[in-house]
Amino acid sequence: MADCERLNVCPFFAGSMQNMPRVAEMMKKRYCLEDKTACARYMLASAGIAVPKDLFPHDLDRARMLLCKS
Ligand code: SF4
């Protein structure tokens with residue numbers, strides 16, 4: 001699958017979020033470079049919902065909750 005089109009604007013990909021997980025590089029490969037559709041941040045952004053600053057790609061439960069509230 002193609003790279004996520006948000007690579008240039010995403011603080012997770014830039015590594016600028018606080019408390020970046022130790023496995024961040026693996027996560028970038030898994031989500032950002034292979035399957036953006038599995039990413040919680042992408043899920044919200046593509047739905048036009050503001051992405052919380054501290055939301056990580058694997059925080060799917062939180063993303064789904066925010067989607068339900070929208
Ligand atoms: S896949 Fe998710 S974390 Fe990666 S650049 Fe896209 S929105 Fe950001």
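Before any of the text, the structure's been laid out above.
Residues numbered from 1 in each chain as written. Predicted model: local features only at pLDDT ≥ 70, side-chain atom pairs only at ≥ 80, totals over all residues. Heavy atoms only, no water.

(A) Focus on unusual backbone geometry. Even without being glycine, asparagine 19 reaches a positive phi, approximately 55 degrees. Structurally, asparagine 19 is set in the loop between helix 1 (11-14) and helix 2 (24-32). For asparagine 19, a relative accessible area of 67% translates into the label exposed. (Helix = DSSP H or I, 4+ residues; strand = E, 2+ residues; numbered from the N terminus. Buried < 20%, exposed > 50% of the residue type's maximum accessible area, 1.4 Å probe, protein only.)

(B) Quick look at the site of the ligand. Every residue close to the ligand is listed here: Cys4, Leu7, Cys10, Phe12, Tyr31, Cys32, Lys36, Cys39, Arg41, Tyr42 and Pro57. In this structure, the ligand is accommodated by the largest cavity. Listed by contribution, the elements that provide at least two residues to the shell around the ligand are helix 2 and helix 3 (40-46). For the shell around the ligand, a count of residues per class yields nine nonpolar, no polar and two charged. (Near = heavy atom within 4 Å. 1 Å grid on protein atoms, 1.4 Å probe; cavity = no way out; pocket = protein on both sides within 12 Å on 5 of 7 lines; lining within 4 Å. Sits in = over half its atoms within 2 Å of the grid points. Nonpolar A, V, L, I, M, F, W, Y, C, P; charged D, E, K, R; others polar.)

(C) Quick peek at the packing of aromatic side chains. Applying the stated criterion across every chain, the model contains one aromatic pair. Seen from their ring centres, phenylalanine 12 and phenylalanine 56 are 6.1 Å apart, and the 80 degrees between their planes marks the pair as edge-to-face. Taken as a pair, phenylalanine 12 in helix 1 and phenylalanine 56 in the loop between helix 3 and helix 4 (60-69) lie far apart in primary sequence, 44 residues in all. In this pair, the class of phenylalanine 12 matches that of phenylalanine 56, namely buried. (Phe/Tyr/Trp six-rings, centres within 6.5 Å; stacked < 30°, edge-to-face > 60°.)

(D) The arrangement of the environment of lysine 28 in detail. One can find lysine 28 in helix 2. Exposure remark for lysine 28: the relative accessible area of 9% places this residue in the buried category. Residues lysine 28 and proline 57 lie 29 residues apart in sequence; the distance between their C-alpha atoms is 8.8 Å. Leave out the neighbours within four places in its chain, and lysine 28 touches Phe12, Phe13, Gly15, Met20 and Leu33. A distance of 3.1 Å separates a polar atom in the side chain of lysine 28 from the backbone oxygen of phenylalanine 13. (Contact = heavy atoms within 4.5 Å. Polar contact = N/O pair within 3.5 Å; in protein donor to acceptor, adjacent residues only side chain to side chain.)

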